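The chain contents come next:
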Amino acid sequence: MEEKLLVTAREIHGLYPHVHIWGFPIATYLFLGGLAAGILLFATIYYIKGKEDEMPFTVKIAPLFTFIFIMIGLLLLVYDLHHKLYVWQLFTTFRIESPMSWGAWTLVGVSIFSLLWPLSYIDDIEEYLHERGWKRLDWITKFIRTLEHKCKIFRFIVLFFRKHRKKFAYILLFLSIILGIYTGILLSAFNAHPLWNNSILGPLFLTSGVSTGSAFVMWLSNNKKERTRMSVIDMALIATELFFIIHMIMGMQAGPEAFQQAAHLFLGGEFTVIFWVFFVGFGLVLPFILEAMELKGFHIPPALPAILVLIGGFLFRMIMVYAGQMSEYPL
Amino acid sequence: MSKLNRRDFIKISGTASAGMVMTPPLTSIWKTIFSDEEKPLLENEAKKVPTVCEVCFWNCAGWTYLDKEGNIKKIIGNDIDPHSNGRLCPRGTGGLGMYYDEDRLKKPLIRVKREDGKSEFREAEWDEALDLVATKMKEIEKKYGKESMALLFHGKTGPHFEHLFKAWGSDTMGEPAGAQCLITREAGFIATYGAGLASPEPTDVRNTDCLVLIGNHIGENMHNGHVQEVSALIDKGGTIITVDPRFSTMAAHSTKWLPIKPSTDLALLLAWMNVIINEGLYDKDYVEQYTYGFEQLKDHVQKYTPEWAESITTIPAGDIYETARLMGGASPRVIIHPGRHTAWYGDDTQRTRAIAILNAILGSWGREGGFYFPEKVKLPKEAHPPFPKPKWTWKDISRDKHKLAIMGITNELIDHALPEYKGPYKIKGMFITATNPLQSIPSQDTIRRALDNQDFVVVVDTMPAEITGYADVVLPEATYLERLDHLRTAHHRQPNIALRYPAVEPKYDTKPGWWIAREIGIRLGLHDYYEWEDFEEVLDWQLKQVGSSMEEMKKVGVKYFPRKTPMYLKPGEEYWFNTNTGKIELYSTDFEEWGYDPLPVYKDHGENPPGFLRLIYGRLPMHTFGRTLNNPNLFDLKHDPHLWVHPKVARIYGLENGQEVWLKNPKGKVSSFPIKVRVTERIRHDSVFMPHGFGNKGRIWVDGKKLEMHRAYGRGILDSEMIYNIEIDPVTGGTGLRNNFVTILTENPHKKEAKS
Amino acid sequence: MAIEVNKCVGCADCVVACQTENNVPHGYSRDWIVEIARGEYPDLYMHFESQRCNHCDDTPCVRTCPTGASHIIEGGIVKVTHDECIGCGACIEACPYDARYFHPEGYVDKCTFCDHRVADGLDPACVSVCPTTCMHFGDLDDPDSEISKLIRTRENYTLIPEAGTNPQIFYLK
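Residues numbered from 1 in each chain as written. Chains lettered and ligands numbered in written order. Predicted model: local features only at pLDDT ≥ 70, side-chain atom pairs only at ≥ 80, totals over all residues. Heavy atoms only, no water.

Enquirer: What am I meant to see in the overall build of chain C here?
Expert: The helix and strand inventory of chain C stands at 6 helices and 10 strands. Judged by the C-alpha coordinates and their principal axes, chain C covers about 50 × 40 × 35 Å. Sorting the 173 residues of chain C into buried and exposed places 69% on the buried side. The long-range share in chain C, meaning contacts at least 24 apart out of those at least 6 apart in sequence, stands at 51%. For chain C, the accessible area works out to roughly 5500 Å², and carbon and sulfur atoms hold 48% of it. Looking at charge distribution, chain C has the averaged site of its 13 positive side-chain charges lying 3 Å from that of its 27 negative ones. (Helix = DSSP H or I, 4+ residues; strand = E, 2+ residues; numbered from the N terminus. Buried < 20%, exposed > 50% of the residue type's maximum accessible area, 1.4 Å probe, protein only. Contact = heavy atoms within 4.5 Å. Areas by Shrake-Rupley, 256 points an atom, 1.4 Å probe, with all protein chains shown as cover. Lys, Arg positive; Asp, Glu negative; His and termini not counted. Charge placed at Lys NZ, Arg CZ, Asp CG, Glu CD.)

Enquirer: Sorry, what's going on with helix α19 (residues 513–523) of chain B here?
Expert: For an α-helix, the turn length of 3.6 residues means that residues three or four places apart are oriented alike. All names here are of chain B. Across the 11 residues of α19, 9 count as buried, placing the element largely inside the fold. Among all positions in α19, only Gly513, Trp514, Ile516, Ala517, Arg518, Glu519, Ile520, Gly521 and Arg523 are buried. Contacts from the buried residues of α19 go to α4 (126–143), α5 (158–168), β13 (429–433), β14 (456–461), β15 (473–476) and α20 (535–545). Gly525 occupies a position one or two residues after α19 and carries a positive phi of about 80°.

Enquirer: Mind showing me how you'd approach the sheet that holds strand β9 (residues 239–243) of chain B here?
Expert: Strand-to-strand pairing in sheets goes through backbone hydrogen bonds, with the strands running parallel or antiparallel. Residues and elements named next belong to chain B. An order of β10-β9-β8-β12 is seen for the 4 strands of this open sheet, with the pairing classed as parallel. In this open sheet, the two edge strands, each paired with only one partner strand, are β10 (256–258) and β12 (334–337). Each strand of the sheet is rotated relative to its neighbour by a mean of 10°, with strand direction disregarded. Contacting β8 (210–214), β9, β10 and β12, helix α13 (residues 317–330) runs over the sheet at an angle of about 130° to β10. Relative to the sheet, helix α14 (residues 348–361) contacts β8 and β12, its axis offset from that of β12 by approximately 180°. (Pairing = 2+ DSSP bridges. Axes fitted to C-alpha atoms, helices over the stretch in contact; angles between N-to-C directions.)

Enquirer: How should the environment of Lys422(B) be read in this particular structure?
Expert: Tracing the chain through its elements places Lys422(B) in the loop between α16 (410–415) and β13. A polar atom in the side chain of Lys422(B) sits 3.0 Å from the backbone oxygen of Pro419(B). (Polar contact = N/O pair within 3.5 Å; in protein donor to acceptor, adjacent residues only side chain to side chain.)

Enquirer: Sorry, what's going on with the interface of chain C and chain B here?
Expert: Taken together, the 45 residues of chain C in the interface contact 48 residues of chain B. Each partner contributes to the roughly 3600 Å² buried at the junction of chain C and chain B, and carbon and sulfur atoms together form 56% of this total. Inspection of the region where chain C meets chain B yields 4 salt bridges. Close ionic contact of Arg682(B) with Glu35(C) constitutes a salt bridge, the shortest N to O distance being 2.4 Å. For the pair chain C and chain B, the interface holds 18 residue pairs in polar contact (both at pLDDT 80 or more). The biggest single contributor to the side of chain C that touches chain B is helix α1 (residues 13–22) of chain C, with 8 residues. A per-class count over the side of chain C that touches chain B returns 21 nonpolar, 14 polar and 10 charged. (Buried area = accessible area lost by both parts, 1.4 Å probe. Salt bridge = Lys/Arg side-chain N within 4 Å of Asp/Glu carboxyl O. Nonpolar A, V, L, I, M, F, W, Y, C, P; charged D, E, K, R; others polar.)

Enquirer: What exactly am I supposed to notice about the interface of chain A and chain C here?
Expert: Often the size quoted for an interface is simply the accessible area lost on bringing the parts together. Counting residues at the interface gives 43 residues for chain A, matched by 49 residues for chain C. Taken over both partners, the interface formed by chain A and chain C buries close to 4000 Å², and the fraction arising from carbon and sulfur atoms is 58%. The largest contributions to the chain A side of the interface with chain C come from Arg10(A), His83(A) and Leu331(A), which together make up 16% of the buried area. In this structure, the connection of chain A to chain C is made through 0 salt bridges. Taken together, chain A and chain C are joined by 15 residue pairs in polar contact (both at pLDDT 80 or more). For the side of chain A that touches chain C, the secondary structure elements donating two or more residues are β1 (2–6) and α3 (99–119) of chain A. A per-element tally of the side of chain A that touches chain C places β1(A) first, with 5 residues. Of the residues that constitute the side of chain A that touches chain C, the class distribution is 24 nonpolar, 10 polar and 9 charged. Of the strand pairs in this sheet, β1(A) and strand β2 (residues 32–40) of chain C are connected by 5 bridges, and their pairing is antiparallel. Note on β2(C): the bridge partner recorded for Lys4(A) is Ile36(C).

Enquirer: Would you take a moment to explain the sheet that holds β1(A) for this structure?
Expert: Across the sheet, 3 strands lie side by side as β1(A)-β2(C)-β3(C); this open sheet has antiparallel pairing. Across the chains shown, the open sheet's two edge strands, defined by having one partner strand only, are β1 of chain A together with β3 (43–51) of chain C. Neighbour-to-neighbour, the strand axes of this sheet turn through a mean angle of 15°, independent of strand direction.

Enquirer: Just to check I follow, could you spell out the pattern of salt bridges for this structure?
Expert: All names here are of chain B. Within the structure shown, the criterion is met by 59 salt bridges over all chains. Among the salt bridges present, the one from Glu201 reaches Arg185, with a minimum N-O distance of 2.6 Å. Taken together, the residues Glu201 in the loop between α6 (176–193) and β8 and Arg185 in helix α6 connect sequence positions 16 residues apart. The exposure classification of Glu201 matches that of Arg185, with both residues buried. The closest approach of N and O atoms between Arg563 and Glu375, which form a salt bridge, is 3.9 Å. Of this pair, Arg563 sits in the loop between β17 (558–560) and β18 (584–585) while Glu375 sits in the loop between α14 and α15 (394–398); the two residues are 188 residues apart in sequence, bridging distant segments of the chain.

Enquirer: Honestly, the side chain of His692(B) in this entry has me stumped. Any pointers?
Expert: All names here are of chain B. Counting through the fold element by element, His692 comes out in the loop between β23 (687–691) and β24 (699–702). Of the polar contacts made by the side chain of His692, one reaches the side chain of Asp719; its length is 2.7 Å. Among residues more than four places away in sequence, those in contact with His692 are Gln439, Tyr617, Gly618, Phe625, Asp719 and Ser720.

Enquirer: Which parts of the structure should I look at to understand the packing of α4(B) against α19(B)?
Expert: All names here are of chain B. For the pair α4 and α19, interaxial distance at closest approach is 9 Å and the crossing angle is 55°. As judged from the angle between their axes, α4 and α19 are oblique. Judged by the twist between their axes, the crossing of α4 over α19 is right-handed. Residue-level inspection shows Trp126, Asp127, Leu130, Asp131, Val133, Ala134, Met137 and Lys138 of α4 in contact with α19, the latter providing Trp515, Ile516, Glu519, Ile520 and Arg523. Here the contact of α4 with α19 is composed, by residue class, of 8 nonpolar, no polar and 5 charged. (Parallel < 35°, antiparallel > 145°, perpendicular 65-115°, else oblique. Left-handed = near helix turned anticlockwise from the far one by under 90°.)

Enquirer: Explain the packing of α3(A) against helix α7 (residues 165–188) of chain A here, please?
Expert: Between two packed helices, the angle of one axis relative to the other and the distance separating the axes together describe the packing. All names here are of chain A. Orientation of α3 relative to α7, taken along the N-to-C sense of each, is 145°, at an axis distance of 9 Å. With respect to the hand of their crossing, α3 and α7 are arranged in left-handed fashion. Residue-level contacts link Pro99, Met100, Trp102, Gly103, Thr106, Leu107, Gly109, Val110, Phe113 and Trp117 of α3 to Arg165, Phe168, Ala169, Ile171, Leu172, Leu175, Ile178, Leu179, Tyr182, Ile185 and Leu186 of α7. Here the contact of α3 with α7 is composed, by residue class, of 17 nonpolar, 3 polar and 1 charged.

Enquirer: What is the right way to look at the environment of Ile289(A) in this model?
Expert: Residues and elements named next belong to chain A. For Ile289, the position within the fold is in helix α11 (residues 272–296). The partly exposed category is assigned to Ile289, whose relative accessible area is 40%. Here the alpha-carbon distance between Ile289 and Phe174, two residues 115 residues apart in the chain, equals 32 Å.

Take a look at the structure:
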């Protein structure tokens, strides 16, 4: 019989029986960040390719939601801090070795740009809202128009942005890739948790984020061609995700004991059902099938696969945050 | 283009950056108001006051560190102190928790009405409480005589009240350190060597080659100086042999562990004697010169062969031979350490005699690497008129049955306090200080009945332990960090004294023990015995008699004096031992005289009742039984005890690690609280182990408000609750408590009762 | 730091000394005791380990700190500047030894090897108080220091070496 026990009482909240200091707020932020990254990635790529009129929702309208998502994400992050008053310290320095520092600065950059981008498309936004029948949100567009009239600086910034939009698109594209990938890199830098400590996590998070982005566009776009295109892209992304996931788990199984124990969380452990049935099944495979059926001609309401992908993405982040903290090196 | 001009731009950016610049100072201001981050106290900033620790009886000397505001920050050992060598044990380090404990007794309490079970107290001023105590003591004097007021005491507070009682005219006293702990060991050694071991035991561990621990789980008991010397012994590569039914900490660090069947230790000791004598491993010259009764011993142990011992102790005969040879080979640098709390199965004085005999034939008594001759400083007692002679004392109570009782037998005192006792030595009043008899003296039911039968009970304590609930008057004592007490004059290799000086004023409305005793004494008309006002006068006078002073002691804390007698026997030196024959009595003439076995005879102590497990209890290194469980610093180290259960037993009862269980003894007594299970191979399949002193139940009501040790309340099981079988040692009256058995209940028995 | 596990009796003096020296709040501890037991009665083995921040050479915690609050000072001691810490918890996630925790005030706290004592030439509080003198502290870069000699001559191990953090506390058998 082997015993390893803690002799002194050390019931510090969040440390025992395993580290569990990150939960719902962080997982939600990861989801929102990935979603925002995905949307912005598409917006900027299609803009740079000159397809802004073919993919109107993607390029002109969707980034507005990005700003909201990022703001919610930021609020969640600050709420989760234990030393909130000192949050400004994040911006007194840039630490190149710390993915979290990358993330802090990137978030600031993305949030600024993701606000300016839709502001420069205010007419198209108005049109979209009218098409959708969301008259209630009229006051936002009216307010912005008034601001444009009254505030000189505001007008200047918006015009400046419209003029140099292509340059800013490249910057925003770069920032959105970092946003999509840095959370995965952040987690993979934690040697303490074998489940996170692999190099596939970064690309996996990026793919998942982009997939949720495309699902989002597919759900809310008014343009059928846009929806179809996004649907095809999403199918490719889902396939890539599945490939990454299998690769990650096989890699862990082939690794040292601690990694095998981490993989076991999904292969018979607590997270087996929720991972394979709910995330992979309902969040990846089912939407893939639905999207394929749609392409084949069956009429599937676009909201259905889109929402499944979004929920799946959120579940994936939740699983990774909770299961990751459970995977530890035995002392 | 834009009509934005420079002024507007600067204004805007100025506001923004001002906002950025303002945030740091704002957070600093916030921090100054709302948080008080404490910086560690640096050596050169601290004020140091000498103290002697009172968390256990090792009484290490140390320094209380105070910061500039006079708050106690930490306690560090005194480098020149032989008990601690500058390093206190965890309890000493955490001693400041006693001072900061918010559950402390704060004001004198007087019982207002006496109901069964529920105790109601009201706060009172000192004058009223002390007057009441004096009045009641005089009443008892009138009704029954002063002798009927008994004193149960412990620790360094005790001597103040001993003086009070003796000055008044009562010598009816006892401390648990006697019958419950050391008395069997002292009697065994005194009968053999004419001298006991006292504290700290004069075992020359740092110079020994072979240490045998039979009854001493050092490392779990933090006998500070000895733990340090054992550690040095491990460094040296010395041999350590541990005899213990469970795999104790020291067993894990030993050269050899003998997993003995409980209650069979005497068989092992006799078998060792057999091998050592028959193989000529004993110190022949030493035995020849200094001992009496070797031939009788030799004849006596012939039948106690290792093969016989194997069948009794379950230790393979080969191991018994091997360890005996190790001991013999190391002779005379060998110590067979009896430990403390030697009252186990009722024949304990014989067992400690066997240990003393074994040491003697190996020639370790008075030899380097064995037992040195300790010496202590003799401080003159302040002059006072001779004590009055009481009509009867603890000796009359104890020595009637137990001829060699060297101090008051606490449970005999308790028995004489029961309503059914009709003899001449009746006890009708109790003065209890620094001990919780409900935890320390078996059995609980007897004590409760005895206390209920008293006319008057006074408790002097620092914490609201369970005993305070039975008092008529509770007097809050200041902790050791806030008071003066007698100088420590414990014996050691070199005679030394240590000063305990108050580091801070007593917190709340507590008072030092000497003050309480004096105030009561004055009220009893004992002015002649208290000619001083402040105890510091007494200490200063004592110190001046030996060539020191309070000034000096406050600076050094510990002072050494030269030895007057040699520490070891010189080879071939003539030496007279304080026994009947003047020699080390392997064959005890005292025991023979009083009708006890002059040589230890093995007695079988029976087996487990079917379905029950033997209850083994012991110590934890970070606690001193009930004394420290509420101490916030030590509570942080460990607050829940665990019941060690063998995996086989766990399977039978269906137990998991961490599961809560209750215990029941064969008399049907069920534990008040549950305890958590630890499934481990370190315990035998027929026994369970748990640390002593948990399961605190102390709770009193003061002016309608609850007063209890809230951290300690209800955690774990008190072993004293489960102990029903008390085997009294006929020689000394020591109470053997290790022949007790329990069974495990997985369901809460109290819920069931409530339901039905 | 080096700790001799053949002498440690698991008394937790190191834990309470650290608490009184560094004003660690109640309910928290910067170091702790772990018991390791193996075997079947009566063939048993057991030892205690006093664990704390290992002040690693390849610190994952310092690397991941976004504000630089976690940093390394001279001598290799890993410290946290309280006023720069935002309480994000990245360093706690990064540490495989459970050494770090959130102080009730919000910042991250852990063992500092009592650098305020080391600066005065003293040993950390835990090392100074240990009654079995099983704890040793010194300059690992100096080959002639007592601690370097101990590590060279005694069989030793570190905790979770496979995590790749290069811990600097050596447990001597």
